[in-house]
Amino acid sequence: MPKSKESKKSDKVKKPKKAETTPKAKKPEQKEYPRIEVVPTPDLVVDMSQEAILKRQSEFDPKMVHFIDHALIEHKITQARKVKTGTKEFRELTKEIAMLECYEATRYLPLKEKVIETPLCETVARQLGGKKLAIVPILRAGLGLQDGMLTMIPAAKVGHIGLYRDEKTAQPVEYFCKLPHDCAKREVFVTDPMLATGGSASDAVFQLKEYGCKHIHFICMVAAPEGVRVMRKLHPDVDLYIGALDCGLNEDFYIVPGLGDAGDRIFGTK
């Protein structure tokens, strides 16, 4: 007996739909920014005497490279350097140092006059009146300075640039970049605890300039002279705020005496 149309339809086995797969995230395209080869200092002598520090600082233009001469910053960096300083204390010190450096880095922001009313009378006072602000930490260690900066300038917008150092080449590799949509119109403060070879800091600034940013400042806790030279050559328009200028880089491109791997010490990952 011939099958009805209905039975023929029911005999057809429906093929299961292929499960939808989430497309894999693409790695950011690696851009070739200008680079300066950094050579570690052979037979590096560790001399952190005041005389030696001032001699190293004298190499750089004080109008663009600001070595913050503040007793509290020096004291807190010393505490952060100690190998026995634990994660909790290191994180707290990093935040406090960021607050103090932010105070110095924002010293010359433009002000405007405004009529206000106090409990006693009406008067003219001054308040921030220039460009709006943005903080851009270099991931991941730069996050350690973010909270301290936001404590001082809470209205600032925050962007992030992700860079890690290739252990073989000591060159930065980009893996993330997210900036405020109006970042180009803002005064931008880039943060990273360490300025070693200058590769990551320089690449981050190049990315910001590609985005249209013109008013950029770099803030770090500890720097090596090699990294400062790189930043001055590649970005002479960016002013630097540095808590301490150390002796130089060892054969592994680590700052000496430095304070170790800032990211690991902030996040307790080592």
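This text goes with the structure placed above it.
Residues numbered from 1 in each chain as written. Predicted model: local features only at pLDDT ≥ 70, side-chain atom pairs only at ≥ 80, totals over all residues. Heavy atoms only, no water.

**Q** Hey, could you run me through the packing of helix α4 (residues 87-105) against helix α5 (residues 143-152) in this one?
**A** When two helices pack together, their arrangement is captured by the angle between the axes and the distance separating the axes. The interhelical angle for the contact between α4 and α5, taken along N-to-C directions, is 50 degrees, at an axis separation of 7 Å. Classified by the angle their axes make, α4 and α5 are oblique. Our pair here, α4 against α5, has a crossing hand that is right-handed. Residues T94, K95, A98, M99, C102 and Y103 of α4 form the contact with α5, whose own contacting residues are G144, L145, D147, G148, M149, T151 and M152. (Axes fitted to C-alpha atoms, helices over the stretch in contact; angles between N-to-C directions. Helix = DSSP H or I, 4+ residues; strand = E, 2+ residues; numbered from the N terminus. Parallel < 35°, antiparallel > 145°, perpendicular 65-115°, else oblique. Left-handed = near helix turned anticlockwise from the far one by under 90°. Contact = heavy atoms within 4.5 Å.)

**Q** What is the right way to look at the layout of surface pockets in this model?
**A** To find leftover empty space, a probe the size of one water molecule is rolled over the atoms. Considering only enclosed or pocket space, the largest pocket measures out at about 650 Å³ in volume. Lining the largest pocket are 28 residues, and of these A141, R165, D192, S200 and D261 sit closest to its centre. Of all the elements in the fold, those that place two or more residues in the lining of the largest pocket are β4 (133-139), β6 (160-165), β7 (172-178), β9 (194-195), α6 (199-210) and α8 (262-267). Here the residues of the lining of the largest pocket sort into 16 nonpolar, 6 polar and 6 charged. One number sums up the size of the second largest pocket: a volume of about 360 Å³. Around the second largest pocket, the lining comprises 18 residues; the ones closest to its centre are I53, Q57, E74, G243 and A244. Examining the composition of the lining of the second largest pocket, we find that 5 residues originate from one element, helix α3 (residues 71-81), more than from any other. Classifying every residue of the lining of the second largest pocket gives 10 nonpolar, 5 polar and 3 charged. (1 Å grid on protein atoms, 1.4 Å probe; cavity = no way out; pocket = protein on both sides within 12 Å on 5 of 7 lines; lining within 4 Å. Points joined across faces, edges and corners; volume = space filled by probe spheres on them. Nonpolar A, V, L, I, M, F, W, Y, C, P; charged D, E, K, R; others polar.)

**Q** Help me out: how do you make sense of a nonpolar patch on the surface in this one?
**A** Judged by side-chain polarity, Y164, Y175 and F176 come together as a nonpolar surface patch covering roughly 300 Å² of accessible area. Looking at the secondary structure, you find F176 in strand β7. (Patch = residues over 30% accessible without salt bridge, like charges linked within 9 Å, V, L, I, M, F, W, Y side chains within 5 Å. Areas by Shrake-Rupley, 256 points an atom, 1.4 Å probe, with all protein chains shown as cover. Salt bridge = Lys/Arg side-chain N within 4 Å of Asp/Glu carboxyl O.)

**Q** Explain the packing of aromatic side chains to me, please; I cannot follow it from the model alone.
**A** Aromatic ring pairs are defined here through the distance separating the ring centres and the angle between the ring planes. The full count for this structure, using the stated rule, is 2 aromatic pairs. Judged by centre distance (5.3 Å) and plane angle (5 degrees), the ring pair of Y33 and F206 falls under stacked. Highlighted residues: Y33 in the loop between α1 (5-11) and α2 (50-57) and F206 in helix α6, separated in sequence by 173 residues. With respect to class, Y33 is no different from F206; both count as buried. The interplanar angle of 55 degrees and the centroid separation of 6.3 Å between the aromatic rings of F60 and F67 together place this pair among those described as tilted. (Phe/Tyr/Trp six-rings, centres within 6.5 Å; stacked < 30°, edge-to-face > 60°. Buried < 20%, exposed > 50% of the residue type's maximum accessible area, 1.4 Å probe, protein only.)

**Q** What is the right way to look at the pairing of strand β10 (residues 215-223) in this model?
**A** For a regular strand, the rule is simple: side chains alternate between the two faces of the sheet. Counting buried positions along β10 yields 8 of 9 residues, so the element is predominantly enclosed. One ladder, built from 5 bridges, connects strand β8 (residues 187-191) with β10; its direction is parallel. When the bridges of β10 are listed, T191 appears paired with I219. Two elements, β9 and β10, share 2 bridges in a ladder whose sense is parallel. (Pairing = 2+ DSSP bridges.)

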